Amino acid sequence: MKQARFRHLADAYGADPGRWPQAERTAAEALLAQSAEARHWLAKARQLDAWLDHAAAADAPAVTDAQVERMIGAIGARLDRDIPAAAPVPWIQSRPHTGPLWAAVGFLALMGITGVLVGKSGLSGPPTVQSADISDFVLSHSYSLAWNR
Amino acid sequence: LVSILRDEGRSERDDGEDLEDGDDEALMAEVAAGNRAAFDVLTRRHLRKSLSLACRIVHGRHDAEEVVQDAFLQVWRHANHWRGDRARFTTWLHRIVVNRSLDYWRRRRFAPLEDAADILTPLPDAQAIVEERQLASRVDAAISALPDRQRVALSLCYYEELSAAEAAGVLKMSVSAMESLLVRARCTLREKLQPLLGPVDAGEDRS
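Enquirer: Hey, could you run me through the overall build of chain A in this one?
Expert: In terms of helices and strands, chain A carries 7 helices and 0 strands. Walking chain A from its N terminus toward its C terminus, one meets helices and strands in the order α-α-α-α-α-α-α. Across the 149 residues that make up chain A, the buried fraction comes to 23%. Within chain A, counting contacts between residues at least 6 apart in sequence, those at least 24 apart form 50% of the total. Working note: accessible area of chain A is about 10,500 Å², and carbon and sulfur atoms make up 65% of it.

In structure tokens, the structure reads:
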């Protein structure tokens, strides 16, 4: 390891080799054993670590069990309040569910068969005079309109 | 009936024990399915660490509690957005806590600081206590003045003891970029705190 890399690591991670990237620790320790300059950079990093530790000691958040329980209770209460706000459902899924697909298909098939049978059986009756007149009128007028264009 | 109730109680207890034993990723799958018990286990498991991290960034216990509550509510609400194959749960959670903390920090940056506790009684150790508090408050002030990303990098790597790779995952950057952030943060702090060493030691810098 070169001095520059050693200094960079000390400047980044501090003086505790336990915080350094594991892959570089052995090389760093080897350099430290033989280099006064490396020891100098480590001493500088140690000084800053001491200050940082001092601040951490003054600001260390000691979390008690009671605090944990209180916060979990508060989070649960907020969740209970928020739960009615469920995720929006796409409109296509929000339509009323009418039953399985096979029932709908079966119903349509039954209606189709019934229609064919009714048509063949003549139950619907022959066209009346009035309905024939209307269809003649519509057909002849639509043809003449199309012809005259 | 008694045996049925007993069996049900045992079953619930077993489920709870299973959840306690489950890893974060398995619990998140349960949370995504709406399992509140899994969410409680996950919250209990990571609350202290999250609170500690938030405290370091927002510099206030009350604000940190709000930040952490919001963060865990986000975990619940967005559990189905989390993809276990992309990041570990803790990375995702830390990212949420950091982002929420920075939001709070930016909103409250200009709010008046709470007064430091007064030391009224000149006890024998009072001088040492005063000096210690003054030093701590100078270091805290120097850390607070760092740019957000440098402060977060320092909090994650130094105080929360995440590896550079883990912290880089939280801030979505490379490890080398994380190292550069740390170097800049520590250099800035050293410059600001150098006067604490006095004029003789301050002249030792070889850079």
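Enquirer: Explanation requested: the side chain of His46(B) in the structure shown.
Expert: On the secondary structure map, His46(B) appears in helix 3 (residues 36-58). Those residues in contact with His46(B) that sit more than four places away from it in its chain are Asp24(B), Phe72(B), Phe89(B), Thr90(B) and Leu93(B).

Enquirer: Could you clarify how one ought to interpret the nonpolar core in this entry?
Expert: The tendency in soluble globular proteins is for nonpolar side chains to be buried as a group. All names here are of chain B. Formed by 67 residues in total, the largest nonpolar core has its most connected members in Met-28, Val-98, Leu-156 and Met-178. The element that contributes the greatest number of residues to this core is helix 3, accounting for 11 residues. Each residue touching Met-28, except ones within four places of it in the same chain, is listed here: Leu-42, Val-75, Ala-79, Trp-82, Phe-89 and Trp-92.

Enquirer: Is there a simple way to explain the pattern of salt bridges in this structure?
Expert: Here the idea is simple: oppositely charged side chains can pair when their charged atoms come close. The tally for this structure, following the rule as stated, stands at 18 salt bridges over all chains. One salt bridge in this structure joins Arg190(B) and Asp11(A), with 3.8 Å as the shortest N-O distance. You can see Arg190(B) sitting in helix 9 (residues 175-193) and its partner Asp11(A) sitting in helix 1 (residues 3-13), one on each of two chains. Like Arg190(B), the residue Asp11(A) is buried in the burial classification. Note that Glu69(A) is salt-bridged to Arg44(B), the shortest N-O span being 2.4 Å. A residue pair is termed interchain when its members come from two chains, as with Glu69(A) in helix 4 (residues 65-82) and Arg44(B) in helix 3. Residue classification places Arg44(B) among the partly exposed residues on the basis of a relative accessible area of 39%.

Enquirer: I keep staring at the interface of chain B and chain A and nothing clicks. Help me out?
Expert: As a measure of interface size, the accessible area lost when the parts come together is often cited. With 47 residues of chain B at the contact, the number on the chain A side is 47 residues. Interface of chain B and chain A: buried area, both sides summed, is about 4,400 Å²; carbon and sulfur atoms make up 58% of it. Viewed at the interface, chain A and chain B are joined by 9 salt bridges. For the salt bridge of Glu179(B) with Arg5(A), the shortest nitrogen-to-oxygen distance reads 3.2 Å. Run the count over chain B and chain A and you get 20 residue pairs in polar contact (both at pLDDT 80 or more).

Enquirer: Please explain the environment of Val68(B) as it appears in this structure.
Expert: For Val68(B), the location among the structural elements is in helix 4 (residues 61-77). Classification of Val68(B) as buried rests on a relative accessible area of 0%. Sequence spacing of Val68(B) and Arg48(B) is 20 residues, and the spatial spacing of their C-alpha atoms is 9.5 Å. Apart from the residues within four sequence positions on either side, Val68(B) is in contact with Met71(A), Leu47(B), Ser50(B), Leu51(B) and Ala54(B).

Enquirer: Where do I start with the environment of Glu191(B) in this structure?
Expert: Residue and element names in this part refer to chain B. Note that Glu-191 resides in helix 9. Judged by relative accessible area, which is 62%, Glu-191 ranks as exposed. With 49 residues separating them in the primary sequence, Glu-191 and Ala-142 have C-alpha atoms 9.7 Å apart.

Enquirer: Looking at this structure, I do not really get unusual backbone geometry. What am I missing?
Expert: The general pattern is negative phi for most residues beyond glycine and trans for most peptide bonds. Residue and element names in this part refer to chain B. The backbone of Glu-161 shows a phi angle near 60°, a positive value even though the residue is not glycine. Mapping Glu-161 onto the fold places it in the loop between helix 7 (148-159) and helix 8 (164-170). Residues other than glycine seldom take positive phi values, yet Lys-172 does so here, at roughly 55°. Here Lys-172 is to be found in the loop between helix 8 and helix 9.

Parameters and conventions
Residues numbered from 1 in each chain as written. Chains lettered and ligands numbered in written order. Predicted model: local features only at pLDDT ≥ 70, side-chain atom pairs only at ≥ 80, totals over all residues. Heavy atoms only, no water. Helix = DSSP H or I, 4+ residues; strand = E, 2+ residues; numbered from the N terminus. Buried < 20%, exposed > 50% of the residue type's maximum accessible area, 1.4 Å probe, protein only. Contact = heavy atoms within 4.5 Å. Areas by Shrake-Rupley, 256 points an atom, 1.4 Å probe, with all protein chains shown as cover. Core = buried A, V, L, I, M, F, W, Y, C linked by side-chain atoms within 4.5 Å. Salt bridge = Lys/Arg side-chain N within 4 Å of Asp/Glu carboxyl O. Buried area = accessible area lost by both parts, 1.4 Å probe. Polar contact = N/O pair within 3.5 Å; in protein donor to acceptor, adjacent residues only side chain to side chain.

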